[in-house]
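# Remarks on the overall topology
These are the residues of each chain, in order.
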Amino acid sequence: MKDHFENYKTITEYEFDEQLSIVKEWAISSLQDTGKPPTYFVRTFGCQQNDHDSELAAGILEEMGFRLAASPEVADVVLFNTCSVRANADNRFYGHLGSLKPIRRGGRPIIGVFGCMMEQELHVETVKRTFPYVDFIFGAGDVRVLPHALSDVLSAGTGKRKTVDLTHCSGLGDDTSLPVRRGDPHRALVTIMSGCNNFCSYCIVPYTRGRERSRSYEKILEEAERAVKLGAKEIMLLGQNVNSYGNDLRKTGIADAPTFAKLLQEIAHIDGLWAVRYMTSHPKDLSDELIEVIGREPRVESHIHLPLQSGSDKILRKMNRRYDSARYLELVRKLRSARENISISTDLIVGFPGETEEDFEATLRVMEEVRFDAAFTFLYSPRVGTPAADWFDESQQDIVRERFMRLVEYQNECSLASNRALEDKVLDVLVDGRSRRDDTVLSGRTHDDRLVNFTGVLRENTSCLCNSFADVCRGDIVRVAIERANVNSLDGRLVKDD
Ligand code: SAH
Ligand code: SF4
Ligand code: F3S
């Protein structure tokens, strides 16, 4: 934890409670003065670990008396939870941060930045120097620092002052008592471990999130059970490499620390749960024990996200992925024989330094063999401080972009064919709400993680007094007849059960 700081400070539960009370008092007096509770807005970049950290930050703010604002422009506190994984995540953050400058008046809104970019000296310095109106910063996953940060800013008043830098503070705690405001109460994100030990040569995550730390098995179960009692139909277990869950505990003497397979099985047995998902599985650590659980437990989602990155063994070696294409294909065979119709999605990087046409074609060949149901495709993005950044060759970028287009085109064909196979079938769908594109359309996800759009009327009432057939609530599991397949989604209509 905070390996790069000699004297990092851990925020204790006592200090957290103490600072939380100070900010809460301020929020109460602000409510008394203005007749309105103070408000907050959190903008999140990056992966689901960041999404969950933002849910915790929102939970802490609500506990202190803040309420969610409709937009950053009208909020009293604006938080940015940042991501360093690719250059476009960095750039989007700086763009949004810059756009707050014109609306900042008399120290409001209070602006805080945290997350992976705030674990990198380069970005910490840029924020302090170029955006002096940022009030406080702290690191990734350190949400327990938030009350400290706010109380420091509030006690300093609204005059000109320096950014409060709490990046040397560690706020990670393995307790289930932190308040959380879940974005989707029917889908609960549960962190099982943080950090990463793998050091893939392109990736910044081990430098921003530190080494692997597994949470206690009991606390994970406790949190998952509580979420299901509160209405979650789905649990999403989060870690950069969930398959190595418990390795650190076993090394430090807890020899019988359960494996990820055991944890997944146990969660799948929670009464009332519809699906347990998990992300991400590293192919090098996907065990036969886990494949057996995936095959045996119907509540384990009928989908796996298994990043391939490249199909060239030479590039996989340079990436330090520690599997080859043959091993990957063997895993796919095993998964498909353990669980018929399991959908498989992946991550692919095009243009890793030194990639030749031959290497790229090797990736296409593995794609042809697997026919992935979905893929996230990325152009290689050099990250300062990672080994691969030193091998980057700008002059290759036109060729790389052309390869990227070919790869996306082929994957689109595969995704569409995979979705077409579901036309005319009736599927169970967990309802999320209105579709992002069209307010009159509802959307949800199947057990194997496909996005489904269908017509229906959304009842916002959580106690669900649905009185007509077309009425549904968020978190309902409905039957949808699939009428049309698209590349990234399915369209259908609600079906009435007899
Ligand atoms: N821990 C996960 C994923 C972490 S980041 C895993 O190992 O699979 C999510 C994805 O971003 C990665 O799978 C990879 O495909 C992509 N990615 C990470 N660093 C990248 C970089 N420097 N350039 C392009 N894509 C990158
Ligand atoms: Fe990054 Fe590799 Fe760790 Fe995934 S496994 S977070 S790609 S270093
Ligand atoms: Fe980004 Fe950090 Fe996640 S770099 S992908 S937010 S772990």
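Within each chain, residues carry numbers counting from 1 in the order of the written sequence. Written order decides the labels, with chains lettered from A and ligands numbered from 1. A pLDDT threshold of at least 70 governs which residues receive local features in this predicted model, and a stricter bar of 80 or more applies before side-chain atom pairs are shown or counted, although totals over entire chains, interfaces and linings include all residues. Hydrogens and water are ignored here; the side-chain numbers use all heavy atoms of the structure.

### Quick word on the packing of helix α3 (residues 87-98) against helix α4 (residues 121-130)
Each pair of packed helices can be summarised by the angle the axes make with each other and by the distance between the axes. It is the contact of α3 with α4, at a shortest axis distance of 12 Å, that shows an interaxial angle of 15°. By the angle class used here, α3 and α4 are roughly parallel. For the pair α3 and α4, the crossing hand works out as right-handed. For the pair formed by α3 and α4, the contact residues are Asp 90, Phe 93 and Tyr 94 on the first element and His 123, Thr 126 and Val 127 on the second. Any residue outside Ala, Val, Leu, Ile, Met, Phe, Trp, Tyr, Cys, Pro, Asp, Glu, Lys and Arg is labelled polar, Gly included; the first ten of those are nonpolar and the last four are charged. Grouping the amino acids of the contact of α3 with α4 by side-chain chemistry returns three nonpolar, two polar and one charged. Only the contacting stretch of a helix is used when fitting its axis, a line to C-alpha atoms as for every element, and angles between N-to-C directions run 0 to 180 degrees. Counting from the N terminus, the helices are DSSP H or I runs at least four residues long and the strands are E runs at least two residues long. By definition in this entry, angles of less than 35 degrees are roughly parallel, angles greater than 145 are roughly antiparallel, angles of 65 to 115 are roughly perpendicular, and the rest are oblique. Should the near helix be turned anticlockwise from the far one by less than a right angle, the crossing is left-handed, and should it be turned clockwise, the crossing is right-handed. Only heavy atoms matter for contacts: two residues are in contact if any of them lie within 4.5 Å across the pair.

### Quick look at the pairing of strand β4 (residues 77-82)
It is a general feature of regular strands that their side chains alternate between the two faces of the sheet. In this scheme, a residue with accessible area under 20% of its type's maximum is buried, one over 50% is exposed, and one in between is partly exposed, where area comes from a 1.4 Å probe on protein chains only. In terms of burial, β4 is a largely internal element, six of the six residues being buried. Here β4 shows two buried faces, one formed by Val 77, Leu 79 and Asn 81 and the other by Val 78, Phe 80 and Thr 82. When strand β2 (residues 39-44) meets β4, the two strands line up parallel, connected through five bridges. Among the inter-strand pairings, Val 42 is bridged to a residue of β4, identified as Leu 79. Examined bridge by bridge, β4 and strand β5 (residues 110-115) share six bridges and lie parallel to one another. Of the residues in β5, the one forming a bridge with Asn 81 is Phe 114. Taken together, β4, α3 and β5 form a β-α-β motif whose crossover is right-handed. Here the rule is simple: two strands pair whenever DSSP picks up at least two bridges between them. For a crossover, the right-handed case is the one in which the path from the first strand over the helix to the second runs clockwise, viewed with the strands pointing away from the viewer.

### Description of the site of ligand 1
Proximity is defined per residue: any heavy atom of the residue falling within 4 Å of a molecule or strand makes that residue near it. The immediate surroundings of ligand 1 are formed by 15 residues, with Arg 86, Gln 240, Gln 309, Asp 347 and Ser 381 found nearest. Within the backbone of Tyr 202, one N or O atom sits 3.0 Å away from a nitrogen atom of ligand 1. We define a polar contact as two N or O atoms separated by no more than 3.5 Å, with the added condition that, inside protein, one atom must be a possible hydrogen donor and the other a possible acceptor, whereas residues neighbouring each other in sequence contribute only through side-chain atom pairs. With respect to ligand 1, the side chain of Gln 240 contributes an N or O atom lying 2.7 Å from a nitrogen atom. Reported accessibility uses the Shrake-Rupley method at a 1.4 Å probe radius. Residues are deemed covered only where the shown protein chains occlude them. Out of a free accessible area of 530 Å², ligand 1 has 90% covered by protein chains. The set of elements that each furnish at least two residues to the shell around ligand 1 consists of β15 (343-350) and β16 (374-379). Each residue belonging to the shell around ligand 1 can be placed in one class, and the counts come to seven nonpolar, four polar and four charged. Two domains share the shell around ligand 1, each providing at least three of its residues, namely domain 2 (182-301) and domain 3 (303-421). Domain limits in this description derive from either an automatic procedure or a database domain assignment.

### Description of the packing of aromatic side chains
For this analysis, a ring pair means two rings from Phe, Tyr or Trp (six-membered ring only for Trp) whose centres lie within 6.5 Å, classed as stacked if their planes differ by under 30 degrees, edge-to-face if by over 60, and tilted for the remaining angles. By the definition in use, this model includes 16 aromatic pairs. Between Trp 26 and Phe 66, the ring centres sit 6.0 Å apart and the planes meet at 25°, which makes this aromatic pair stacked. Of this pair, Trp 26 sits in helix α1 (residues 13-34) while Phe 66 sits in the loop between α2 (48-63) and β3 (67-68), and the two are 40 residues apart along the sequence. You can call Phe 66 buried: its relative accessible area is 1%. Consider the rings of Phe 80 and Phe 93, whose centres lie 5.6 Å apart with planes at 70°: the pair is edge-to-face. With a gap of 13 residues between them, Phe 80 in strand β4 and Phe 93 in helix α3 connect regions that are remote in the sequence. Charges are assigned to positions over rings by a cutoff of 6 Å between ring centre and Lys NZ or Arg CZ, combined with an angular limit of 35 degrees from the ring normal. Sitting over the face of the ring of Phe 378, Arg 86 holds its NZ or CZ atom 3.7 Å from the ring centroid.

### Structural notes on helix α10 (residues 288-296)
Every buried residue of α10 is accounted for by Leu 290, Ile 291, Val 293 and Ile 294. On an axial view of α10, the arc spanned by its buried residues comes to 160°, and they lie on one face. Next to the buried residues of α10 lie α9 (260-268), β13 (275-279), β14 (303-305) and α12 (325-338). Directions from the helix axis toward the C-beta atoms define the arc.

### Comments concerning unusual backbone geometry
At the junction of Arg 108 and Pro 109, the peptide bond is cis and its omega measures out at 0° in the coordinates. Examined against the element boundaries, Pro 109 turns out to sit in the loop between α3 and β5. In this model, Arg 371 sits at a positive phi of 50°, which is unusual for a non-glycine residue. For Arg 371, the position within the fold is in the loop between α13 (357-370) and β16.

### Some points on the sheet that holds β4
Strand pairs in the sheet, formed through backbone hydrogen bonds, run parallel or antiparallel to each other. Spatially, the six strands line up as an open sheet ordered β3-β2-β4-β5-β6-β7, and their pairing is parallel. The open sheet is flanked by β3 and β7 (164-165), the only strands paired with a single partner. Relative to β3, β2 runs parallel, the two sharing two bridges. Bridge pairing in β3 links Thr 39 to Arg 67. Set on the sheet, α2 makes contact with β2, β3, β4 and β5; between it and β2 the angle comes to about 175°. Contacts from α3 reach β2, β4 and β5, with the element oriented near 170° to β4.

Keep in mind that these numbers describe shape and distance, not what the molecule does.
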